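# Structural description and commentary
One letter stands for each residue in the lines below.
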Amino acid sequence: QVQLVESGGGLVQAGGSLRLSCAASGRTFSTNAMGWFRQAPGKERVFVASISWSGGTTDYADSVKGRFTISRDNAKKTVYLQMNSLKPEDTAVYYCAARSTLLGSRHSTEYTYWGQGTQVTVSS
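The text that follows walks through the structure, step by step, so that each part is easy to find. (Residues numbered from 1 in each chain as written. Predicted model: local features only at pLDDT ≥ 70, side-chain atom pairs only at ≥ 80, totals over all residues. Heavy atoms only, no water.)

### With respect to the pairing of strand β5 (residues 46-51)
Most of β5 sits out of view: five of its six residues are buried. The antiparallel pairing of strand β4 (residues 33-39) with β5 creates a hairpin that spans six residues between the two strands, and Gly-42 there sits at a positive phi of about 75 degrees. Across three bridges, β5 lies against strand β6 (residues 58-60) in antiparallel orientation. Among the inter-strand pairings, Ser-50 is bridged to a residue of β6, identified as Asp-59. (Buried < 20%, exposed > 50% of the residue type's maximum accessible area, 1.4 Å probe, protein only. Helix = DSSP H or I, 4+ residues; strand = E, 2+ residues; numbered from the N terminus. Pairing = 2+ DSSP bridges.)

### Comments concerning the state of the cysteines
Within this structure, the stated rule accounts for one disulfide. Across the disulfide, Cys-22 is cross-linked to Cys-96 (sulfur-sulfur distance 2.1 Å). On the sign convention where negative is left-handed, the bridge of Cys-22 and Cys-96, at about -75 degrees about the S-S bond, is left-handed. Separated by 74 residues along the polypeptide, Cys-22 in strand β3 (residues 18-25) and Cys-96 in strand β9 (residues 92-99) bring together distant segments of the chain. Here Cys-96 falls in the buried class, since its relative accessible area comes to 0%. (Disulfide = S-S within 2.5 Å.)

### Looking at the packing of aromatic side chains
The tally for this structure, following the rule as stated, stands at four aromatic pairs. Centre to centre, the rings of Phe-37 and Phe-47 are 5.8 Å apart; their planes meet at 75 degrees, and the pair counts as edge-to-face. Remark: Phe-47 occurs in strand β5 and Phe-37 occurs in strand β4; sequence separation between them is 10 residues. The same class applies to Phe-37 and to Phe-47, which are both buried. Ring geometry for Tyr-111 against Trp-114: centres 6.2 Å apart, planes inclined by 65 degrees, an arrangement best described as edge-to-face. Assessed through its relative accessible area of 27%, Trp-114 is described here as partly exposed. A connected cluster of aromatic rings, assembled from ring pairs, spans Phe-37, Phe-47, Tyr-111 and Trp-114. Over the ring of Phe-29 we find Arg-72, and its NZ or CZ is 4.6 Å from the ring centre. (Phe/Tyr/Trp six-rings, centres within 6.5 Å; stacked < 30°, edge-to-face > 60°. Lys NZ or Arg CZ within 6 Å of the ring centre and 35° of its normal.)

### Notes on the sheet that holds strand β1 (residues 3-7)
The sheet built from four strands is open, its strands ordered β1-β3-β8-β7 with antiparallel pairing. Bordering the open sheet on either side are β1 and β7 (68-73), each of which pairs with just one other strand. Neighbour-to-neighbour, the strand axes of this sheet turn through a mean angle of 15 degrees, independent of strand direction. Pairing between β7 and strand β8 (residues 78-83): six bridges, direction antiparallel. Bridged to Phe-68 within β8 is Met-83. (Axes fitted to C-alpha atoms, helices over the stretch in contact; angles between N-to-C directions.)

### Remarks on the environment of Gly-117
Its place among the elements puts Gly-117 in the loop between β10 (113-114) and β11 (118-123). Residue Gly-117 is classed as buried on the basis of its relative accessible area of 15%. Distance from Gly-117 to Lys-65, taken between C-alpha atoms, is 21 Å for residues 52 residues apart in sequence. Beyond its immediate chain neighbours, meaning those up to four positions away, Gly-117 contacts Glu-6, Val-93, Tyr-94 and Tyr-95. (Contact = heavy atoms within 4.5 Å.)

All we've got here are geometric facts, nothing functional implied.
Have a look at this one:
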């Protein structure tokens, strides 16, 4: 079992930055690939970024590439999402997810464990 708790969301002006954290419990964190997804009001949950178990392989949605950076600290059982140059269209609830494989995925259905989400609001 893996439990995930996100933090770091909030209200920020366009062009600003936020760093999301996702703290995990459970013995298998270091062998779990992790992902970040987001869901805007009235829209489906979409892929943002993923990272492999070692951190050596990352993947990003085109909409965030060059602005967001995913990273992980296996000793702290934490995955991060550094978000820079934020835009109003980045406003959403951000979810952390884990899957019991070494590599990440862009598909939400391939993740087993989910956090409760953290709200990110970007004002124009």
